[in-house]
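Chain by chain, the residues run as shown.
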Amino acid sequence: MVVQEDNPNTGDVQEKTESTPVAAEPPKIFTVEILHMIKDAQQQHGLRHGDFQRYRGYCTRRIRRLRKALKYPQGDKRHFKRRDVTIGQLTGKKADERFIHIPLISAERAWAYAMQLKQESNTEQRKRFHLVNKLRRACFYALQLQELCNTEAFDARTKLECEAYVAWMHGTLHFELQLWKTAGEHLKRAQVVYENLGKALPDDEQELYRAKVNEFTPNLRYCAYNISGGASGGKIDEILELRAQGVLENLDVLVSQTKTESSEGLQTIDWRGRKVTVRPEKVRLFLLSAQELDKSLAKTTKQDAKIELIERILMDCKDAIQAVRDEIKQDPKLRSLTTGQTVSGVQYLLAYLSYIRHSRTLQRNLCLVEQAKLNFDDPNQQSQQNVGDGKRVRPQDLARLYEIILQNVTEMQQINGLEEDAKYQSEVEYLAITFKAFRCYYIALTLIDMKKWKEAVALYERASNYATEALKGKTSPEFQLQEELKKVVSAIDGCKFSAHAYSVLEDDNSEEAGTTTKSQKTTKPLYERLSLYKEDQSLHTKTPNVYKLTPDMEPIPCKPLFFDLAMNYVELPSLEDKLESPGKKGPSITGIVKGFLGWGGGGNK
């Protein structure tokens, strides 16, 4: 209520009173942590295990709950009427932050459907068209989200996160469309925004953004490779590493596209002094990949990554061997190989591929050994520092790994077509002796843990003999283990005598312990051992073992037994008269009738 007074300043008072209710309230400014919100939802609803269908179902239910809670449905039960979120729902008195979640969750639902179709498109290629359409729909909702977030209702952090999210979604779409240049630009923009945003946040929130930045690196490298046309051979190892990280699922198609010119030049191989023609295309592509594997392994420092790369090559090697075997089956002359017969070119190629498979398997097992040694504390090497944080490795675990390696070496000796190659058999034999030395060494360490000193000394001696013999021979140039053998020999020289000394001490201690334990555990009373000195603590107790009052039981002859054998020849009297009396006979019909009628029954009561 405004009171007017006769005052020359009345007009000013009216203007002030009228302007007071017109002043608008300060607009609400929302903060939406987009990356944090979607990562939590993904980890809790299926993407921890790669289940995109479950995550898509969660997004659908989430959108339904949001529209119901905000009373913003799209039509009624019978008719559908599209209602997108506008800036009006995010400003004013009834502004609610949950409205911005609708386009965000809608984009996530379309993206999850696209990723589900990507998994299914490995077997059904037609689903790639549906995949692209769903990614376009996700980009549409992402642009709608960006349009809303660029208003004054949201702070700077939300705008930056929205910009990075939209760039990532467009980069994913262009990556699937194989538009490498634009895909690289969008992904790079998203990476830069997330990186700068992470630097501006507190330390406890930076880890999530660093992980997101690292997710873009493989895709960016792949885009750069395709932009360059794949002409430089030095980037083939990068493609192999990308596949090891699970980014590329169609490496065979990629290699066939980028190595066509190189595969035409690889028509023959030269192995162990013999040239063989390579005809199957799959085998050519595999041999080119195998040549680049060593470069990739040299650049990789982690054992897990090396093992992953080798296992990928082993899968390709298996397909190449199957291709050669299919070719052998088609030619009846190549199916059987008799002793003394010259190995044909195709069979020699099969032997070469088998050697690659066994040697790469052996290389993978050696990587497993190196990985296990990181968590193994060798008592014979004091200078070793155990830097591993994983589960402690026991010596029997390493002995088991070397047992598997020896089985692999035995398979290398049995490759068809190489049985008569004396040089090859000699190299493999010395390689087997090398691994036998390592196996005996770790078995000896196992026996030392079990306090079996004599057996450990014997195995140390055998390991030393194996190592000395292996050092005299010439092993395969692919596996140079001379340095490790020398370390084992030097370690055995000291620990062998140590184990022998422990065995002698154990024998002496066992003899002393035997005499003492026998005297200590005796149960003879004092009067029976008066000539022996012994500190018996039981004599100071309430029940001293001085004299046994109750005498021991002594065996005596038993009372003789008499057997009545004449009983079988005695004729016993008849007892029939005792069993049934003559006066008592069975009831007759007359007696039954008399008893029933109630008269004539003069029986005893």
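Residues numbered from 1 in each chain as written. Predicted model: local features only at pLDDT ≥ 70, side-chain atom pairs only at ≥ 80, totals over all residues. Heavy atoms only, no water.

If you check an unreviewed UniProt entry, the protein chain appears there as Signal recognition particle subunit SRP68 from Drosophila erecta. Recorded in UniProt for the protein chain, the comment headed Function (unreviewed entry) runs: "Component of the signal recognition particle (SRP) complex, a ribonucleoprotein complex that mediates the cotranslational targeting of secretory and membrane proteins to the endoplasmic reticulum (ER). The SRP complex interacts with the signal sequence in nascent secretory and membrane proteins and directs them to the membrane of the ER." Taken from UniProt, the Sequence similarities (unreviewed entry) comment for the protein chain reads in full: "Belongs to the SRP68 family." (UniProt positions renumbered as here; feature names shortened; annotations may be inferred.)

Draft legend 1. Molecular detail of the overall build of the protein chain. A tally of helices and strands in the protein chain yields 20 helices and two strands. Across the 605 residues in the protein chain, those meeting the buried criterion constitute 38%. In the protein chain, 65% of the contacts between residues at least 6 apart in sequence involve partners at least 24 apart. As displayed, the protein chain offers around 39,100 Å² of accessible surface, 52% of which is attributable to carbon and sulfur atoms. (Helix = DSSP H or I, 4+ residues; strand = E, 2+ residues; numbered from the N terminus. Buried < 20%, exposed > 50% of the residue type's maximum accessible area, 1.4 Å probe, protein only. Contact = heavy atoms within 4.5 Å. Areas by Shrake-Rupley, 256 points an atom, 1.4 Å probe, with all protein chains shown as cover.)

Draft legend 2. Spatial organisation of the state of the cysteines. The full count for this structure, using the stated rule, is zero disulfides. The closest cysteine sulfur to the non-disulfide-bonded Cys162 is located on Cys149, 4.0 Å from its own sulfur. (Disulfide = S-S within 2.5 Å.)

Draft legend 3. Spatial organisation of the packing of helix H13 (residues 303–330) against helix H14 (residues 345–373). Their axes nearest at 9 Å, the elements H13 and H14 cross at an angle of 160°. Our classification of the angle between H13 and H14 gives roughly antiparallel. As for the relative orientation of H13 and H14, their crossing is left-handed in sense. Across the contact of H13 with H14, the residue classes break down as 15 nonpolar, six polar and nine charged. (Axes fitted to C-alpha atoms, helices over the stretch in contact; angles between N-to-C directions. Parallel < 35°, antiparallel > 145°, perpendicular 65-115°, else oblique. Left-handed = near helix turned anticlockwise from the far one by under 90°. Nonpolar A, V, L, I, M, F, W, Y, C, P; charged D, E, K, R; others polar.)

Draft legend 4. Representation of the pairing of strand E1 (residues 268–271). Burial along E1 is one-sided: Ile269 and Trp271 are buried, and none of Thr268 and Asp270, which face the opposite way, are. Looking at chain direction, E1 and strand E2 (residues 274–277) are connected through four bridges and run antiparallel. Paired with Trp271 across the two strands is Arg274, which belongs to E2. Hairpin remark: E1 followed by E2, antiparallel, with two residues in the connecting loop; positive phi at Arg272, about 55°. (Pairing = 2+ DSSP bridges.)

Draft legend 5. Spatial organisation of the pattern of salt bridges. One pass over the full model with this rule turns up 16 salt bridges. Note that Arg98 is salt-bridged to Asp96, the shortest N-O span being 2.9 Å. In the salt-bridge network here, residues are joined through shared partners; they are Glu33, Arg157 and Glu161. (Salt bridge = Lys/Arg side-chain N within 4 Å of Asp/Glu carboxyl O.)

Draft legend 6. Expanded view of the packing of aromatic side chains. Applying the stated criterion across every chain yields a total of 20 aromatic pairs. Centre to centre, the rings of Tyr194 and Tyr209 are 6.1 Å apart; their planes meet at 45°, and the pair counts as tilted. In this pair, Tyr194 is assigned in helix H7 (residues 180–200) and Tyr209 in helix H8 (residues 203–227), connecting sequence segments 15 residues apart. By way of ring pairs, the aromatic residues Phe376, Tyr402, Phe435, Phe438, Tyr441, Tyr442 and Tyr460 are connected into one cluster. Seen from the ring of Tyr72, Arg83 lies directly overhead, with NZ or CZ sitting 4.1 Å from the centre. The ring of Trp168 has Lys212 lying over it, and the distance from NZ or CZ to the ring centre is 4.2 Å. (Phe/Tyr/Trp six-rings, centres within 6.5 Å; stacked < 30°, edge-to-face > 60°. Lys NZ or Arg CZ within 6 Å of the ring centre and 35° of its normal.)

Draft legend 7. Structural view of the nonpolar core. In terms of nonpolar packing, the biggest core is built from 78 residues, with Leu353 and Phe435 touching the most fellow members. Elements with a minimum of two residues in this core: E1, helix H12 (281–299), H13, H14, helix H15 (395–413), helix H16 (422–449), helix H17 (453–472) and helix H18 (482–520). Among the elements that line this core, the one with the most residues is H16, at 15 residues. Once you skip the residues sitting within four places of it in the chain, Phe435 turns out to touch Leu362, Leu366, Tyr402, Ile405, Leu406, Val409 and Leu481. Within the second largest apolar cluster, 60 residues are counted, among which are Ile63, Leu104, Ala112 and Ala138. (Core = buried A, V, L, I, M, F, W, Y, C linked by side-chain atoms within 4.5 Å.)

Draft legend 8. The arrangement of the environment of Glu147 in detail. Residue position: Glu147 is located in helix H5 (residues 127–149). Separated by twelve residues in sequence, Glu147 and Lys159 have C-alpha atoms that sit 9.7 Å apart.

Draft legend 9. Representation of the confidence of the model for the protein chain in the model. For the protein chain, mean pLDDT is 78; residues scoring 70 or higher make up 78% of the total. Across residues 245–265 the pLDDT falls below 50, and counting only partners more than four positions away or on other chains, this stretch makes 34 contacts in the model. Predicted confidence for residues 515–519 stays below pLDDT 50, and this span has one contact to residues more than four positions away or in other chains. (pLDDT = per-residue confidence, 0-100.)

Draft legend 10. Local environment of a positive patch on the surface. Taken together, the side chains of Arg54, Arg61, Arg64 and Arg65 define a basic patch exposed on the protein surface. Mapped onto the secondary structure, Arg54 falls in helix H3 (residues 52–69). Accessibility expressed as a relative area gives 44% for Arg54, which makes it partly exposed. (Patch = residues over 30% accessible without salt bridge, like charges linked within 9 Å, V, L, I, M, F, W, Y side chains within 5 Å. Lys, Arg positive; Asp, Glu negative; His and termini not counted. Charge placed at Lys NZ, Arg CZ, Asp CG, Glu CD.)

Draft legend 11. Representation of a nonpolar patch on the surface within the structure. Taken together, Tyr527, Leu530, Val546, Tyr547 and Leu549 make up a surface patch of nonpolar side chains, about 580 Å² in accessible area. Among the structural elements, Tyr547 can be located in the loop between H18 and helix H19 (576–579).

Draft legend 12. Spatial organisation of H14. With 29 residues, H14 extends 42 Å between its outermost C-alpha atoms, agreeing within 8% with the 42 Å of an ideal straight helix rising 1.5 Å per residue. Counting buried residues along H14, 21 of its 29 residues qualify, which places the element largely inside the surrounding structure. (Expected span 1.5 Å × (residues − 1).)

Draft legend 13. Geometry of unusual backbone geometry. With a phi close to 55°, Lys71 is a non-glycine residue in the positive phi region. With respect to the helices and strands, Lys71 occurs in the loop between H3 and helix H4 (101–120). Under the relative-accessibility criterion, Lys71 is labelled exposed at 72%.

Draft legend 14. Examining H12 more closely. Helix length check: H12 (19 residues) gives 28 Å between terminal C-alpha atoms against 27 Å at 1.5 Å per residue, within 8%. Of all bends in H12, the biggest is about 30°, found at Glu292. Within H12 the residues assigned to the buried category are Val283, Arg284, Leu285, Phe286, Leu287, Leu288, Ser289, Ala290, Glu292, Leu293, Ser296 and Leu297. (Bend = angle between axes of the 7 residues up to and from the residue.)

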